[in-house]
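# Survey of secondary and tertiary structure
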Amino acid sequence: MHCTKLIKDGLFWVGANDRRLAMFEGIYSVAGGVSYNSYLLTDEKTVLFDTSDKAVQHRFFENLSFALNGRKLDYIVVQHMEPDHSASLAELTVKYPGVKIVCSAKTLTFIKQFFDLKFDFDKDAVIVNENDTLNTGKHTLHFIMAPMVHWPEVMVTYDSQDKILFSADAFGTFGALNGALFADEVDFEKDYLNEYRRYYANIAGKYGDQVQSLLEKASKVNIEMICPLHGFVWRGNLSPIISKYMLWSAYQPEEKGVMIAYASVYGNTENAAEILSCSLRDMNIKTVMFDVSVTPASEIIAASFRWSHLVFASTTYNAGIFISMEDLVNDLVAHNIQNRTVAVIENGSWAAASGDLIREKLRQCSNIKILEKTLSLKSSLKSSQLPEIEAIAKAIAEDFPNAAPASSQAVTHEIKPASIDPNAMFRFSYGLFVLTAKDGDKDNGCIINTAIQVTSSPMRISIAVNKANYTHGMILKTGAFNICVLSESAPFRIFQQFGFSSGKETDKFAGCSYNDRAANGIRYVSEHSNCMISGKVADSYDYGSHTIFVADVTQSIVLSEEKSVTYQYYFDNIKPKPQPQKDAKKGFVCKICGYVHEGGSLPPGFICPLCKHGAEDFEPL
Ligand code: FEO
């Protein structure tokens, strides 16, 4: 029984589906079947565009007969002589005597190669060249040569009446038509794009230049519908398929992400590939993974056309690349993959060789950037090599501006219990500063080690001040302070004067020769400081023992070119070294001011009575 589809007045789909075929062309698995499209135009003349594969020719002839509705067949346009579209040609010429074959000269050669036809080619073959036309009544058919899309004899046909491009293999796909004929009847992106890509990459992928040439020719005519030899008819909005063809044929990736293909005999190469994938995912980089031993190469070829970065991880086998990986890489090179960034991982228990061999093959392709970062495993991944995986991930991430920072957790896989070593705090490159404030007639100051610039516009700084300091209360009350950055020439006496006693009981400026006041009226230490900065508090944050003041800079003066003193410099060069004592006491000494607390331990919440630093700044005697 016939099963045809009306495309529009006078134009029928008379093709057929094959869902029993296991391997298309003997290579490509087609679990979803395949359609062999054939179209019949019934104008004043009747024109058939291509025939069908032998497997479905019974249905095809039923369909053709029904659509012809008793009319004779005037023309068979052979756009592509590959047998999935032409196997029924010989029988067609017998069933429809007098039919004229319209084709390119190259096609005629192929017809004679494939068949021993009793056909008067001189009389009944119409050989067409680029832009030749055939008028069939209302319709004019324009023939456009499309060599190597997918074979050299291919041509496509443009019907200028209905603005239809009969596109041969171009714009086709694997997969049977399950009742639907038009692409807008299905969810292309969700359900069919993968198969369209797999079809393109594997069937026409090698011939990007030729496909681009066809796209260029097609862009010069007004196309409202595309009728390919496989898959759905496109009508109306053609951009979903045209845009994909523009990318694929230019070998441009559709998406940024990493395709990881691995060949692993005992799972160790897979392990390295998986850890790399985890690292990339942790950086928010998309990845897909394929085991080349169990995944059809056509799927990995398609994925390689989709993604921007490719990773090949392969064990060494017979001093070469593992067989299925070697097949894949050869296949990929044969399909002319270009414009990709590639990383390679190799494994070899005694003579790793697969990495260099993979790289050598891929260098045959255009614009393939092979990352220097690589990994060579000996049998299995060792923790000492995790940084090498991390380095590959980071090298890939350089092409992903929005990648998250590398997660060391993903590559170390060793999570130690959290602990706090207070000595780590001394690794900060703190400076040392004299902080001064004024409340009424009372001038005061203290030593602090935490002052930083927060913003430059507006110019803001922050300081952290221990609440036990008298200066802290003054700043809290007045909202103003000066800070002087001490320089390396600062003598220990300045630290003693401002750090070892409380301003509550003493005059911090007693005997000072430096009596300068800033514009805010607060005194500052103009000697042994390389700058003075005045702050007006804009905000404050209570952090228990300390308050963080954020202040607008109201004045700043450079006082000298001397280097700023650091915490480390102070300990190494300014603070007197403890002298050995005969009968050493048991206790703790303040590293800031030298105050000694006798006893076996420091009380909880202990603060140095002299300089107000906490227990963390004490060390055992
Ligand atoms: Fe569908 Fe190139 O044949």
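Structure: see above.
Not measured: the values here are computed from a predicted model.

The subject of this paragraph is the overall build of the protein. The helix and strand tally for the protein stands at 17 helices and 34 strands. Against the 2.2 N^0.38 benchmark of 25 Å for 621 residues, the protein shows a C-alpha radius of gyration of 40 Å, more extended than a compact globule. If one aligns the C-alpha atoms of the protein with their principal axes, the spans along those axes are about 125 × 60 × 40 Å. Counting all 621 residues of the protein, 52% fall into the buried class. When contacts within the protein are restricted to residue pairs at least 6 apart in sequence, those whose partners lie at least 24 apart make up 69%.

A complete count under the given rule lists 28 aromatic pairs for this structure. Ring geometry for Tyr200 versus Trp248: centroids 5.4 Å apart, planes at 25°, classification stacked. Here Tyr200, found in helix α6 (residues 188-204), pairs with Trp248, found in helix α8 (residues 239-249); they are 48 residues apart in sequence, far enough to count as distant. Accessibility expressed as a relative area gives 0% for Trp248, which makes it buried. Each ring, one from Tyr245 and one from Trp248, has its centre 5.7 Å from the other, and the planes form 55°; the classification is tilted. With Tyr245 and Trp248 both in helix α8, this residue pair falls 3 residues apart, about one helical turn.

So, about the pairing of strand β7 (residues 39-42). The sheet contact formed by strand β2 (residues 11-13) and β7 spans 3 bridges and is antiparallel. Of the residues in β7, the one forming a bridge with Leu11 is Leu41. Of the strand pairs in this sheet, β7 and strand β8 (residues 46-49) are connected by 4 bridges, and their pairing is antiparallel. Note on β8: the bridge partner recorded for Thr42 is Thr46. Joining the antiparallel neighbours β7 and β8 is a turn of 3 residues.

Within the element layout of this structure, Lys361 appears in helix α12 (residues 354-362). Residues Lys361 and Glu326, 35 residues apart in the sequence, show an inter-C-alpha distance of 9.3 Å. If we ignore the near neighbours within four places in the chain, the residues touching Lys361 are Ile321, Glu326, Val329, Asn330 and Val333.

One open sheet holds the 7 strands; their spatial order is β26-β25-β29-β30-β31-β28-β27, and the pairing between them is antiparallel. The two strands at the open ends of the sheet, each matched to only one other strand, are β26 (442-448) and β27 (451-456). The sheet shows a mean angle of 35° between the axes of neighbouring strands, direction not considered. Along the sheet face, helix α15 (residues 470-478) touches β25 (433-439), β26, β28 (459-466), β29 (480-486), β30 (529-543) and β31 (546-558) and points at about 55° away from the line of β25. Against the sheet, helix α16 (residues 492-499) engages β25, β26 and β29, with an angle of about 120° to β26.

Further remarks concern the sheet that holds strand β10 (residues 100-103). Across the sheet, which stays open at both edges, the 7 strands sit in the order β1-β2-β7-β8-β9-β10-β11 with mixed pairing between neighbours. This sheet does not close on itself; its edge strands, each paired only once, are β1 (5-8) and β11 (125-127). Each strand of the sheet is rotated relative to its neighbour by a mean of 25°, with strand direction disregarded. Contacting β2, β7 and β8, helix α1 (residues 57-68) crosses the sheet at an angle of about 15° to β7. The strands that helix α4 (residues 105-114) touches are β10 and β11; relative to β10, the one it contacts most, it runs at about 125°.

In terms of residue burial, strand β18 (residues 255-263) counts as a mostly covered element, since 7 of its 9 residues are buried. Pairing analysis gives 7 bridges linking β18 to strand β20 (residues 307-317), with the strands arranged parallel. Among the inter-strand pairings, Ala263 is bridged to a residue of β20, identified as Ser314. Considered for its hand, the β-α-β crossover made up of β18, helix α9 (residues 268-282) and strand β19 (residues 287-291) is right-handed.

Moving on: the side chain of Ser38. Within the element layout of this structure, Ser38 appears in the loop between β6 (34-36) and β7. Assessed through its relative accessible area of 0%, Ser38 is described here as buried. One polar contact links the side chain of Ser38 to the main-chain carbonyl oxygen of Phe49, over a distance of 3.4 Å. In this structure the side chain of Ser38 is engaged in a polar contact, spanning 2.6 Å, whose partner is the backbone oxygen of Asp50. Ignoring anything within four residues of it in the chain, the contact list for Ser38 reads Phe12, Trp13, Val14, Gly15, Leu48, Phe49, Asp50, Thr51 and Phe60.

Once that is clear, we can look at the nonpolar core. Core analysis: the largest hydrophobic core is formed by 93 residues, its most contacted members being Ile7, Tyr39, Phe143, Tyr245, Met259, Phe312 and Met325. Excluding residues within four positions of it along the chain, Phe143 makes contact with Val77, Val102, Val128, Asn129, Glu130, Asn131, Asp132, Thr133, Leu134, Met155, Val156 and Thr157. Counting residues in each nonpolar core, the second largest holds 34 residues, with Cys484, Tyr514, Ala518 and Val565 among its members.

Let's shift gears to the pattern of salt bridges. Applying the stated criterion across every chain, the model contains 21 salt bridges. Here Lys8 makes a salt bridge to Asp162, at a shortest N to O gap of 3.7 Å. Here Asp162 lies in the loop between β14 (155-159) and β15 (164-166) and Lys8 lies in strand β1, a separation of 154 residues in the sequence. Here Lys467 makes a salt bridge to Asp542, at a shortest N to O gap of 2.6 Å. One end of the pair, Lys467, is in the loop between β28 and α15; the other, Asp542, is in strand β30, and 75 residues separate them in sequence. For Asp542, a relative accessible area of 55% puts it in the exposed group. Look at the salt bridges and you will find they share partners, linking Lys100, Lys123 and Asp124 into a network.

Looking at the element boundaries, Asn444 is found in strand β26. Here Thr471 takes part through its side chain, which lies 3.1 Å from a polar atom of the side chain of Asn444. Among all residues touching Asn444, those that are not within four sequence positions of it are Leu435, Thr436, Ala437, Tyr470, Thr471, Met474, Gly503, Lys508 and Phe509.

Cut-offs applied
Residues numbered from 1 in each chain as written. Predicted model: local features only at pLDDT ≥ 70, side-chain atom pairs only at ≥ 80, totals over all residues. Heavy atoms only, no water. Helix = DSSP H or I, 4+ residues; strand = E, 2+ residues; numbered from the N terminus. Rg over C-alpha atoms; globule rule 2.2 N^0.38 Å. Buried < 20%, exposed > 50% of the residue type's maximum accessible area, 1.4 Å probe, protein only. Contact = heavy atoms within 4.5 Å. Phe/Tyr/Trp six-rings, centres within 6.5 Å; stacked < 30°, edge-to-face > 60°. Pairing = 2+ DSSP bridges. Axes fitted to C-alpha atoms, helices over the stretch in contact; angles between N-to-C directions. Right-handed = clockwise from strand over helix to strand, strands pointing away. Polar contact = N/O pair within 3.5 Å; in protein donor to acceptor, adjacent residues only side chain to side chain. Core = buried A, V, L, I, M, F, W, Y, C linked by side-chain atoms within 4.5 Å. Salt bridge = Lys/Arg side-chain N within 4 Å of Asp/Glu carboxyl O.

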